[in-house]
Amino acid sequence: MELLRTYSVSTILVPTSISKTQFTKPNFLNFQFNPIPSSCLLRIHGKTSSKSKIFTISPSPSSVSTDSIGPPEPEVEVETKGEKFDWYAQWYPLMPVCDLDKRVPHAKKVLGLDVVVWWDRNESEWKVFDDTCPHRLAPLSEGRIDQWGRLQCVYHGWCFNGSGDCKLIPQAPPDGPPVHTFKKACVAAYPSTLHHDIVWFWPNTDPQYKDIILKKQPPFIPELEDPSYTRTMGNRDIAYGYDVLVENLMDPAHVPYAHYGIMRTQTPKVKVDREGGRPVVLSVKKLDINGFDGDQEWGISKFIAPCIFYAYTKPLENQGNGAASSAGTRKPSAQRKMALIFICIPVSPGNSRLIWVFPRNFGVWIDKVVPRWIFHVGQNLILDSDLYLLHVEERKIMEIGASNWQKACFVPAKSDAFVVGFRKWLNKYAGGQVDWRGNYSGTLPPTPPREQLLDRYWSHVVNCPSCNSAYKGLNALEVILQFASLAFIGIAGATKHNVYTMVAVAVVCFVGSKWLHQFIYKNFHYHDYDHAFR
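Residues numbered from 1 in each chain as written. Predicted model: local features only at pLDDT ≥ 70, side-chain atom pairs only at ≥ 80, totals over all residues. Heavy atoms only, no water.

As annotated in an unreviewed UniProt entry, the chain is Protochlorophyllide-dependent translocon component 52 from Populus alba x Populus x berolinensis.

As structure tokens, this is what we get:
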């Protein structure tokens, strides 16, 4: 059996190249793949740049002068016409539909906007409203869906249809003026759509954008519409900002170090340290207001502004044992392909949300057999293992100012190409930071205790039906084991038969409950990661 090797471009481990469909052990979070050469450019909208310069960071570290003031500016083809990126003229993802319950409204925050997502069964559509009742400003996300399928504010019972129109004010006399029809009684409704099994919204309630979906659609990713690919998704709220999240996911060089012991990477030919770090060649070929295209060793990448970092393997053909075959006697094997898709959502200063999906057209049976929460346990550990590092890093960036990032950070290696490209895009087109429209003072929230910072329950479990169900089921099993332990002790004392057997079973049940308690706490609440002892 040919062993599969892992190479990851992100903080979340997924397949990155392929050899055979056989797997070593059922280690579902650690697939291994062969790296793939990079030569072609990913086509999402059917367009590529015929002329482009390679995005070079600098010479090798050995040739960098110690007298230089700072890292050299990247050389890259930049298309610019004085354009300015409009943060509020884009589609933003809210949540995967698999993590939304049609029976209840859901509170979400994007770009500092508090919105409520709810299922309108009358129109069979997901709706996105301003999370504020026009009556006394109570949050509609704390409300309910009434028996007529309307969104009801539970403070005074006002009800709204899918267009945001108020349909009922219980306190208004039936023979009085129809105050529920007044414009001030309506809720602001955002344009929304279901795309790639994710609910998206347009962050502007002006009526001129009501049909914006006809003019501009969310980014299209072919793998998410191909039924031959797996599409298991996950989401998590992150205690650091959007810009730090994006650049971290673009950086493969940190993986052997920040995630040592939980992610295996390609073994270098010459091992310079225990972790196995090595030079990684990344390049950006085109950068404009819409993001950039990039190449890396195993495939190609694309930053689709503002939310998506998309890494894509080039198609491979299974050549068997590599022996030459007679012409025309062997059919070409099916191409095995996969992608890494990270959707990074700006929530508020110091907070972001990540939606991840790793579509592939091989090993599909794994996603059908293994519960989704099993994957999330490992993926959350990977997120936790560098969360504190990035939380602190963001505060240092804030101190120096985001516009001074490249002066403060020394980035001489080609492995930093994507990160430098993203910072260049952010500064050149997007004002150097997310446009919060004056809703925040610019300061970051205080750093909470470590256990709260790395919390999994409120940042993921409550928003994931799979993990939430597993959490409740395992807690119930823990209680059952505790009762079983007491029951067997009681039976042993009452019957005087098979005493030793009963006591032994009671001890096993008790130990099992204690082990399960620790398992639940580490995987659904808090699992610290001490780098010094890895």
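Student: How should the overall build of the chain be read in this particular structure?
Tutor: Helix and strand counts for the chain come out as 9 helices and 18 strands. Classification of the 534 residues of the chain by burial places 51% in the buried group. Considering only intrachain contacts with a sequence separation of at least 6, the fraction spanning at least 24 residues in the chain is 69%. Here the chain has roughly 26200 Å² of accessible surface; of this, 55% comes from carbon and sulfur atoms. (Helix = DSSP H or I, 4+ residues; strand = E, 2+ residues; numbered from the N terminus. Buried < 20%, exposed > 50% of the residue type's maximum accessible area, 1.4 Å probe, protein only. Contact = heavy atoms within 4.5 Å. Areas by Shrake-Rupley, 256 points an atom, 1.4 Å probe, with all protein chains shown as cover.)

Student: Would you mind going over the sheet that holds strand β6 (residues 151–152) with me for this structure?
Tutor: Each strand in a sheet pairs with its neighbour through backbone hydrogen bonds, running either in the same direction (parallel) or in the opposite one (antiparallel). Taken in spatial order, the 4 strands make up an open sheet running β5-β6-β7-β8, and their pairing is antiparallel. One side of each edge strand has no neighbouring strand; the edge strands of this open sheet are β5 (144–145) and β8 (166–168). (Pairing = 2+ DSSP bridges.)

Student: Which parts of the structure should I look at to understand the pairing of strand β2 (residues 106–110)?
Tutor: Of the two faces of β2, only one is covered, namely that formed by H106, K108 and V110; the face formed by A107 and K109 stays uncovered. Direction of pairing for β2 relative to strand β3 (residues 113–120): antiparallel, over a ladder of 5 bridges. Looking across to β3, one finds that K109 is bridged to D114. Linking β2 back to β3 in an antiparallel pair, the connection comprises 2 residues, with L111 at a positive phi of about 55°.

Student: Mind showing me how you'd approach the sheet that holds strand β9 (residues 189–190) here?
Tutor: Ordered in space as β2-β3-β4-β9, the 4 strands form an open sheet in which the pairing is antiparallel. Two strands bound the open sheet, and with one partner strand each, they are β2 and β9.

Student: Help me understand the packing of aromatic side chains, please; the structure alone is not making it clear to me.
Tutor: The geometry of an aromatic ring pair is captured by two quantities: the separation of the ring centres and the angle between the planes. Using the criterion set out here, one finds 25 aromatic pairs in the structure. With 6.1 Å between their ring centres and 65° between their planes, F309 and F418 make a pair best called edge-to-face. Of this pair, F309 sits in strand β16 (residues 308–313) while F418 sits in helix α6 (residues 417–429), and the two are 109 residues apart along the sequence. F309 gets classed as buried once you look at its relative accessible area, which sits at 2%. Arranged with centres 6.2 Å apart and planes meeting at 75°, the rings of Y310 and Y312 form a pair that is edge-to-face. Given a relative accessible area of 0%, Y310 falls into the buried group. Judged by relative accessible area, Y312 falls into the buried class, the value being 15%. (Phe/Tyr/Trp six-rings, centres within 6.5 Å; stacked < 30°, edge-to-face > 60°.)

Student: Sorry if this is basic, but what is going on with helix α1 (residues 242–249) here?
Tutor: Helical geometry note: an α-helix holds 3.6 residues per turn, so side chains three or four residues apart project in the same direction. Counting buried residues along α1, 8 of its 8 residues qualify, which places the element largely inside the surrounding structure. Three or more residues of α1 are buried, namely Y242, D243, V244, L245, V246, E247, N248 and L249.

Student: Looking at this model, I keep getting lost on the packing of α1 against helix α4 (residues 372–400). Mind explaining?
Tutor: Angle between the axes and distance between the axes: these two values describe a pair of packed helices. One way to put it is that α1 packs onto α4 with a least axis distance of 10 Å and a crossing angle of 125°. The orientation of α1 relative to α4 falls into the category oblique. For the element pair α1 and α4, the recorded crossing hand is right-handed. Contact with α1, carried on its side by D243, V244, E247 and N248, involves D386, L390, E393, E394 and I397 of α4 and no other residues of that element. Partitioning the contact of α1 with α4 into residue classes produces 3 nonpolar, 1 polar and 5 charged. (Axes fitted to C-alpha atoms, helices over the stretch in contact; angles between N-to-C directions. Parallel < 35°, antiparallel > 145°, perpendicular 65-115°, else oblique. Left-handed = near helix turned anticlockwise from the far one by under 90°. Nonpolar A, V, L, I, M, F, W, Y, C, P; charged D, E, K, R; others polar.)

Student: Would you mind showing me how to read the pattern of salt bridges here?
Tutor: When the charged atoms of two side chains lie near each other, side chains of opposite charge can form a pair. What the rule picks out here adds up to 20 salt bridges. Where D384 meets R236, a salt bridge forms, and the shortest distance between an N and an O atom there is 2.7 Å. Of this pair, D384 sits in helix α4 while R236 sits in strand β12 (residues 233–238); the two residues are 148 residues apart in sequence, bridging distant segments of the chain. By relative accessible area, R236 is classed as buried at 1%. Each of E123, E125 and K127 takes part in one network of salt bridges that share partners. (Salt bridge = Lys/Arg side-chain N within 4 Å of Asp/Glu carboxyl O.)

Student: I tried to follow the environment of N523 on my own but got confused; where do I start?
Tutor: By secondary structure assignment, the location of N523 is in helix α9 (residues 499–524). Taking relative accessible area as the criterion, N523 reaches 13% and is therefore assigned buried.

Student: Is there a simple way to explain α6 in this structure?
Tutor: Spanning 13 residues, α6 covers 18 Å between terminal C-alpha atoms, matching the ideal 18 Å at 1.5 Å per step. Among the residues making up α6, those that are buried are A417, F418, V419, V420, G421, F422, R423, W425, L426 and Y429. Phi turns positive, to about 75°, at G431, one or two residues after α6. (Expected span 1.5 Å × (residues − 1).)

Student: So what exactly am I meant to see when it comes to the nonpolar core here?
Tutor: A general feature of soluble globular proteins is that nonpolar side chains tend to end up buried together. Ranked by internal contacts, the top residues of the largest apolar core, which has 86 residues, are W87, Y242, F303, L354, F422 and W425. Once residues lying within four places of it in the same chain are set aside, the contact partners of W87 are Y92, L111, P203, Y242, P306, W425, L426, A430, Q433, V434 and D435. Formed by 15 residues, the second largest nonpolar core is a distinct cluster that contains C133, A138, I145 and C166. (Core = buried A, V, L, I, M, F, W, Y, C linked by side-chain atoms within 4.5 Å.)

Student: Any chance you could explain the pairing of strand β17 (residues 339–348) here in plain terms?
Tutor: If a strand is regular, its side chains alternate between the two faces of the sheet. Most of β17 is tucked away, with 10 of its 10 residues classed as buried. Sheet topology places β16 next to β17; 5 bridges connect them, and they run antiparallel. Note that in β17 the partner of A311 across the bridge is L340. The pairing of β17 with strand β18 (residues 351–357) spans 7 bridges and is classified as antiparallel. Bridge pairing in β18 links I343 to I355. Hairpin geometry of β17 and β18 is characterised by an intervening segment of 2 residues between the two adjacent antiparallel strands and by a positive phi of about 80° at G350.

Student: Explain a nonpolar patch on the surface to me, please; I cannot follow it from the model alone.
Tutor: On the surface, I489, V499, V503, V507, F510 and V511 cluster together into a nonpolar patch covering about 470 Å² of accessible area. For the nonpolar patch, the element with the highest residue contribution is α9, accounting for 5 residues. Topologically, V511 is positioned in helix α9. (Patch = residues over 30% accessible without salt bridge, like charges linked within 9 Å, V, L, I, M, F, W, Y side chains within 5 Å.)

Student: Looking at this structure, I do not really get the state of the cysteines. What am I missing?
Tutor: A covalent bond between the sulfur atoms of two cysteines is what we call a disulfide. Per the counting criterion, the structure on display carries 0 disulfides. C133 takes part in no disulfide bond, and the closest cysteine sulfur to it belongs to C153, at a distance of 3.8 Å. Look at C133 and you get buried, because its relative accessible area is 2%. Unpaired in terms of disulfides, C159 finds its nearest cysteine sulfur in C166, a separation of 7.5 Å. (Disulfide = S-S within 2.5 Å.)

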